[in-house]
Amino acid sequence: MKAIAMSNLYVQEAPYHPGYEDAAFKNEVSPQIAELNEYRKMNARHLQFSNTIVQFCKSGVNHDAQQRQAKS
């Protein structure tokens, strides 16, 4: 008889154990995780807006406007 490692045996048998058919969580999110996701989305929006401001400051449009103000 060929010896099978214990972990391999459990992995092979796992889908066949009764009581685990409904163990999957469908569309369930804890309130803490939902709040964390909202903070991440908000942070991403702020960073994107900050990057837009930096790109504008680097752009030629802003440079030309500053040059016109300096000549006035």
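Residues numbered from 1 in each chain as written. Predicted model: local features only at pLDDT ≥ 70, side-chain atom pairs only at ≥ 80, totals over all residues. Heavy atoms only, no water.

Draft legend 1. Expanded view of the overall build of the chain. For the chain, the helix and strand inventory stands at 3 helices and 0 strands. Along the chain, helices and strands appear, N-terminal first, in the series α-α-α. Accessible surface, the chain: about 7,300 Å² in total, of which carbon and sulfur atoms supply 58%. (Helix = DSSP H or I, 4+ residues; strand = E, 2+ residues; numbered from the N terminus. Areas by Shrake-Rupley, 256 points an atom, 1.4 Å probe, with all protein chains shown as cover.)

Draft legend 2. A look at the confidence of the model for the chain. Mean pLDDT over the chain works out to 76, with 61% of the residues at or above the 70 mark. Within the chain, helix H1 (residues 6–13) has the poorest average pLDDT of any element, 58, and helix H2 (residues 31–58) the best, 92. (pLDDT = per-residue confidence, 0-100.)

Draft legend 3. Local environment of the pattern of salt bridges. Enumeration over the complete set of coordinates arrives at 1 salt bridge. Across the salt bridge formed by Glu38 and Lys41, the nearest N and O atoms sit 4.0 Å from each other. A residue pair is termed a helical-turn pair when its members lie 3 or 4 positions apart in one helix, as Glu38 and Lys41 do in helix H2 at 3 residues. (Salt bridge = Lys/Arg side-chain N within 4 Å of Asp/Glu carboxyl O.)

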